[in-house]
Amino acid sequence: MQKILGCEGSFEESEIILFGAGFDSTTCYRPGARFGPSALRNESYGIESYSPYQDKDVLDYLICDSGDLELPFGDPKPALALITKRIEKIAENKKFPFMIGGEHLITLGAIKALIKFYPDLSIIHFDAHADLRDEYLGRKLSHACVMHRCHELVGDGKIFQFGIRSGEKEEFLWGQDHVSTRRFNFHGLREVVAELGDRPVYFTLDLDILDPSIFPGTGTPEAGGVSFNELRKAISLVSKCNLVGADMNELSPHYDPSGVSTIVANKILREMLLYFLE
Ligand SMILES: [Mn+2]
């Protein structure tokens, strides 16, 4: 198997353990995020391992790409159970789980695992969408509901959303009492990071926070998004937190015939890994 971004470290010797979770069965608009992990892997040879932003090189670190989970399609429950099991194994070994989606529902599997290790867990959530619906088309397990499901595990005041520019009014109203939602951009992120201090934080990045002009390869694109550099700087701020796990999701490569979305996602991944390894 080709390793993503040349991450050839073994499980034992690496601090960060990458794995793919190519699940997209609850995607409500355009499916295809199941191809995200393989596209990132296949195209990562075209990305420099050196980051001029950080003057660091991925190849100077031991990072393990442990491959993709084989997830059953159609039924989210067994898929989430397999994700939870994988994250538990990584956390038990005191390593950092980094999951690559797949659609956003996969985050629920990660939180189910990590809440056992970190009962005080907070979540920083970058996304175009609030994902706060209680149910969508009668389904509780949908990527449109993932943050509502995560809230049931972490509780009030633990989820910090940024970049949100889409959702139904009820989601925003419900959110006012339960989560912190910053619309459109990253205003207030610095204060949130300071407030979180040493507390354990999970970081979930839905790539559709980016503007579709640079990232059209996603299932539910939303105009009015952030730029690559705004996102990169925000990730650098998030990396100051006591992060205990992360994911990057919703790359759906086939919607971008130019291939640029996959390249953008790989570059974001490189920057994330290097910021986390500070
Ligand atoms: Mn989204």
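These remarks concern the structure in this document. Note that the structure is a prediction, hence the values are computed from the model and not measured.

**Structural notes on the nonpolar core**
Judged by nonpolar contacts, the single largest core of 50 residues is most densely connected at Phe98, Phe126, Phe203, Leu205 and Phe276. Those residues in contact with Phe276 that sit more than four places away from it in its chain are Ile16, Phe96, Phe98, Phe203, Ile235, Ser239, Leu243 and Ala246. Counting 38 residues, the second-largest nonpolar core is a separate cluster that includes Phe23, Ala79, Leu141 and Ile164.

**Observations regarding helix α6 (residues 189-196)**
Within the sequence span of α6, burial applies to Leu189, Val192, Val193 and Leu196. One side of α6 holds all its buried residues, which, seen down the axis, span an arc of 100 degrees. Exposed side of α6, more than 90 degrees from the buried face: Arg190, Glu191 and Ala194 are the residues found there. Positioned one or two residues after α6, Gly197 has a phi angle of 55 degrees, which is positive.

**Considering the environment of Ser166**
By secondary structure assignment, the location of Ser166 is in the loop between β7 (159-164) and α5 (169-178). Distance from Ser166 to Arg139, taken between C-alpha atoms, is 19 Å for residues 27 residues apart in sequence. When neighbours within four sequence positions are excluded, Ser166 is seen to be in contact with Ala128, His129, Ala130, Phe172 and Glu222. There is a polar contact of 3.0 Å between the side chain of Ser166 and the side chain of Glu222.

**Re the packing of aromatic side chains**
Counted under the stated rule, the structure contains seven aromatic pairs. Each ring, one from Phe126 and one from Phe186, has its centre 4.7 Å from the other, and the planes form 50 degrees; the classification is tilted. Of this pair, Phe126 sits in strand β6 (residues 122-126) while Phe186 sits in the loop between β8 (180-183) and α6, placing them 60 residues apart in sequence. Phe186 shares its class with Phe126; the two are buried. Both rings, one in Phe126 and one in Phe203, keep their centres 4.9 Å apart while their planes meet at 80 degrees; by these two values the pair is edge-to-face. Here the residue Phe126 occupies a position in strand β6, and Phe203 occupies one in strand β9 (residues 200-206), the gap between them amounting to 77 residues. A cation sits over an aromatic face here: Arg86 above Phe19, 5.3 Å from the ring centre. Lying over the aromatic face of Phe11, Lys89 brings its terminal NZ or CZ to 4.6 Å of the ring centre.

About the cut-offs
By convention here, each chain's residues receive numbers from 1 onward along its written sequence. Note on the predicted model: pLDDT of at least 70 is required for a residue's local features to be given, and 80 or more for side-chain atom pairs to be given and counted; whole-chain, interface and lining totals, by contrast, use all residues. Only heavy atoms go into the side-chain values, all of them from the structure, while hydrogens and water stay out. Grouping buried Ala, Val, Leu, Ile, Met, Phe, Trp, Tyr and Cys residues that are joined through side-chain atoms within 4.5 Å yields what is termed a nonpolar core. Between buried and exposed lies partly exposed: a residue is buried under 20% and exposed over 50% of the maximum accessible area for its type, with that area taken using a 1.4 Å probe on protein chains only. We call two residues contacting when some pair of their heavy atoms lies within 4.5 Å. Per the convention used, a helix needs a DSSP run of H or I reaching at least four residues, while a strand needs a run of E reaching at least two, with both numbered from the N terminus. In this description, the arc belongs to the directions extending from the helix axis to the C-beta atoms. We define a polar contact as two N or O atoms separated by no more than 3.5 Å, with the added condition that, inside protein, one atom must be a possible hydrogen donor and the other a possible acceptor, whereas residues neighbouring each other in sequence contribute only through side-chain atom pairs. Think of it this way: a Phe, Tyr or Trp ring, Trp meaning its six-membered ring, pairs with another when their centres are within 6.5 Å, and the plane angle makes it stacked under 30 degrees, edge-to-face over 60, tilted otherwise. For a Lys NZ or an Arg CZ to count as sitting over a ring, it must be within 6 Å of the ring centre and within 35 degrees of the ring normal.

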